[in-house]
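These are the residues of each chain, in order.
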Amino acid sequence: MAAGYTMTIDGKSVKGSKSTGVINPATGKIFAEVPDCSKAELDQAMNAAQKAFPSWSKDINARRKVLQDCAAALQQPPEGLARTLTLEQGKPLDKAGQEIMGTSMWCAYTAMLDLPAEVLQDTPQGKIEIKRKPLGVVAAITPWNYPLMLGMWKIAPALLAGNTIVLKPSPYTPITTLMLGEILRDIVPPGVLNVISGGDELGAWMTTHPVPRKISFTGSVETGKRVAAAAAPDLKRVTLELGGNDAAIILADVDPAAVAQKIFWGAFENSGQICSAIKRVYVPEQMYNALLDNLGEIAKGVKVGDGLEAGTQLGPINNKMQFERVTELVEDAKKHGAKIVSGGSRVGKEGYFFAPTIVGNISDGVRLVDEEQFGPALPIIPYKDVDDAVRRANATHFGLSGSVWSNDSARGTEVASQLECGSAWVNQHLAIAPNLPFGGAKWSGIGVENGPWGLMGFTEIQVVNSVKLS
Ligand code: NAD
């Protein structure tokens, strides 16, 4: 199978000297080939980005216009982009369409931001200004759950701030990011946005490459630590958006039937493959059985299937390794005496479908609770008092986000503020928006993305301090 999709290097279409297959998780079979970027091609991309930097970094209004045009182009995506996202990622077709629209919206929002110099002093004796300068070339690396959206979280702020970029998607979902490069190729000047595809090794080459001054990485904690170590010798700046093990704590004043749908979809959206999905639920003892029953009923009614089939609500797990990991964690929970209220095993014989799984009779100390499952299996854990629930929610290296559910939102806010995480939500989960900083505490990351705070992560401060000579 020849690679039908191309990399974007220096504004040109590059087929690459080698290719590699991409698997459709609904069938488990290769359905397309993409370029497997060589070291020489990576050098070309980095050199093109470096060459484009001086002129691109000059004029923020010109950059803003380019990003607005990018956002507009994504409002009219080529036929097949959403379908291809479903084919490579697994998510239902309507959700793929929503991801594309979100990608456009994120780009349009970021294009509106500004980086004005802050004037600290402006007197006859002198002037002090704080400026935000671009860093240079950004190496951007993304995971496989939201390839387009998470790619744009890096492209738009990196470019608006005046940097140029080399972007590498996950080897599991490279196609739509390559297509994004193809769509934007005639809008963005040559060398400003380069999109390359390849395996984990390519990511490692990027992080040790001498050209980039910043690495913007989204992925697992394990890889994030490798990226930080690789960046250290050259003191490259890093933003790391890593994994989570989000707790949802339900307070005793809540009607379990009233929150069950929200809790369910906060955990199972995108088949649980969201960094900040609910990954464990702490519920008052007296409400435990009712919540289990409610969640179990919802799970049994959900349509799991090929994302291209009408009515599918949850697609397959994206890849074999992740499918095996979720299976292993559920089997381990069973061995520890967990009660499988719904699901608990694969669906069908081909592809990586796993039934939405609600797990009771489980507690901290079991892998499904302690580790990030990143898939459709949710442990429900009873608690006696709220302080204990908060302590257990915080007893982890993760710190991405968390939520508290209560009819008394002041009380909910008070408890949520005790969570050790980057986003603390009350009566909602996954409340992520382009104007809000998003990032993790502890091992869930370094730095934030989105909003003016995310934009500043693609800059460094320069103090311009001038006084009169006499
Ligand atoms: P991963 O860490 O395996 O891979 C992420 C990316 O890193 C891929 O493009 C991969 O090819 C690349 N890579 C692998 N080894 C590398 C290395 N040594 N150097 C540089 N790059 C390397 O993660 P994944 O399995 O693709 O994604 C799932 C993880 O991502 C989960 O832990 C999830 O929570 C996390 N995630 C976090 C956020 C966030 O914003 N915090 C968002 C989405 C996903």
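This structure is a prediction, so every number in the text was calculated from the model and none was measured.

Conventions we followed
Residues numbered from 1 in each chain as written. Predicted model: local features only at pLDDT ≥ 70, side-chain atom pairs only at ≥ 80, totals over all residues. Heavy atoms only, no water. Helix = DSSP H or I, 4+ residues; strand = E, 2+ residues; numbered from the N terminus. Rg over C-alpha atoms; globule rule 2.2 N^0.38 Å. Buried < 20%, exposed > 50% of the residue type's maximum accessible area, 1.4 Å probe, protein only. Contact = heavy atoms within 4.5 Å. Areas by Shrake-Rupley, 256 points an atom, 1.4 Å probe, with all protein chains shown as cover. Lys, Arg positive; Asp, Glu negative; His and termini not counted. Charge placed at Lys NZ, Arg CZ, Asp CG, Glu CD. 1 Å grid on protein atoms, 1.4 Å probe; cavity = no way out; pocket = protein on both sides within 12 Å on 5 of 7 lines; lining within 4 Å. Points joined across faces, edges and corners; volume = space filled by probe spheres on them. Nonpolar A, V, L, I, M, F, W, Y, C, P; charged D, E, K, R; others polar. Pairing = 2+ DSSP bridges. Axes fitted to C-alpha atoms, helices over the stretch in contact; angles between N-to-C directions. Parallel < 35°, antiparallel > 145°, perpendicular 65-115°, else oblique. Left-handed = near helix turned anticlockwise from the far one by under 90°. Near = heavy atom within 4 Å. Polar contact = N/O pair within 3.5 Å; in protein donor to acceptor, adjacent residues only side chain to side chain.

> It is not clear to me how the overall build of the chain should be interpreted in this structure. Could you clarify?
If you tally the helices and strands in the chain, you get 15 helices and 20 strands. Taking 2.2 N^0.38 as the reference for a compact globule, 470 residues should give roughly 23 Å; the C-alpha atoms of the chain span a radius of gyration of 23 Å, in line with that estimate. With respect to the principal axes defined by its C-alpha atoms, the chain has extents near 75 × 65 × 40 Å. Per-residue burial over the chain gives 57% buried out of 470 residues. Residue pairs in contact within the chain that sit at least 24 positions apart in sequence constitute 72% of those at least 6 positions apart. When the accessible surface of the chain is split by element, carbon and sulfur atoms take 54% of a total near 18800 Å². When the 45 basic and 48 acidic side-chain charges of the chain are each reduced to a single mean position, those positions are 5 Å apart.

> Quick question: what am I supposed to make of the layout of surface pockets here?
Vacant regions in the atomic arrangement are exposed by a probe of water-molecule size rolled over the atoms. A volume near 1000 Å³ is recorded for the largest pocket. Taken together, 37 residues form the lining of the largest pocket, with Trp-144, Gly-219, Ser-220, Thr-223 and Met-321 sitting closest to its centre. With six residues, helix α8 (residues 221-231) is the largest single contributor of residues to the lining of the largest pocket. In terms of residue class, the lining of the largest pocket is made up of 16 nonpolar, 13 polar and eight charged. If you add up the space inside the second largest pocket, you get close to 440 Å³. Counting only elements with at least two residues in the lining of the second largest pocket, the list comes to α4 (93-111) and α5 (147-160). The element best represented in the lining of the second largest pocket is α4, accounting for four residues. Of the residues belonging to the lining of the second largest pocket, the class tally is 10 nonpolar, three polar and four charged.

> It is not clear to me how the pairing of strand β17 (residues 401-405) should be interpreted in this structure. Could you clarify?
Within a regular strand, the side chains alternate between the two sheet faces. Counting buried positions along β17 yields five of five residues, so the element is predominantly enclosed. Side chains Ser-401, Ser-403 and Trp-405 project from β17 onto one buried face, and the interleaved Gly-402 and Val-404 project onto a second face that is buried too. In the sheet, strand β12 (residues 246-250) pairs with β17 via four bridges, with the strands oriented parallel. Opposite Ile-250, over in β17, you have Trp-405 as the bridge partner. Looking at chain direction, β17 and strand β18 (residues 423-426) are connected through four bridges and run parallel.

> So what exactly am I meant to see when it comes to the packing of helix α2 (residues 60-75) against α4 here?
Packed helices, taken two at a time, are described by the angle between their axes plus the distance between the axes. In the contact formed by α2 and α4, the axes pass within 8 Å of each other and the chain directions differ by 160°. Accordingly, the angle class assigned to the pair α2 and α4 is roughly antiparallel. In this structure, α2 meets α4 at a crossing whose hand is left-handed. Taken together, the residues of α4 that come into contact with α2 (itself represented by Arg-64, Leu-67, Gln-68, Cys-70, Ala-71, Leu-74 and Gln-75) are Ile-100, Met-101, Thr-103, Ser-104, Cys-107, Ala-108 and Ala-111. Looking at side-chain class alone, the contact of α2 with α4 contains nine nonpolar, four polar and one charged residues.

> I'm lost on the site of the ligand in this one. Help?
The environment of the ligand is made up of 30 residues, and the closest members are Asp-200, Ser-220, Thr-223, Leu-242 and Glu-372. In this structure, a nitrogen atom belonging to the ligand sits 2.7 Å away from a main-chain N or O atom of Leu-242. Between Glu-372 and the ligand, the recorded distance is 2.6 Å, taken from a side-chain N or O atom to an oxygen atom. Its free accessible area being 850 Å², the ligand has 92% of it covered by the protein chains. Here the shell around the ligand takes four residues from helix α7 (residues 200-208), the largest share from any one element. In terms of residue class, the shell around the ligand is built from 14 nonpolar, 11 polar and five charged.

> So what exactly am I meant to see when it comes to helix α13 (residues 386-394) here?
Residues three or four positions apart in an α-helix share a direction because the helix packs 3.6 residues into each turn. Burial in α13 covers these residues: Val-386, Ala-389, Val-390, Arg-392, Ala-393 and Asn-394. The elements touched by buried residues of α13 are β12, β13 (278-284), β16 (377-383) and α14 (409-416). Taking the backbone nitrogen of Asp-387 as reference, a side-chain oxygen 3.2 Å away marks Asp-385 as the first, capping residue of α13.

> Honestly, empty space enclosed by the protein in this entry has me stumped. Any pointers?
Taken as a whole and judged by the stated rule, the model has six cavities of 30 Å³ or more. Empty space within the largest cavity amounts to approximately 90 Å³. Taken together, 16 residues line the largest cavity, and the ones lying closest to its centre are Arg-280, Ala-393, Ser-401, Glu-420 and Cys-421. Of all the secondary-structure elements, those providing two or more residues to the lining of the largest cavity are β12, α13 and β17. When the residues that make up the lining of the largest cavity are grouped by side-chain class, the tally is six nonpolar, six polar and four charged. Each pocket or cavity is described by its volume, and for the second largest cavity that value is around 70 Å³. Lining the second largest cavity are 13 residues, and of these Lys-91, Pro-92, Asn-270, Ser-271 and Gly-315 sit closest to its centre.

By themselves these figures say nothing about function.
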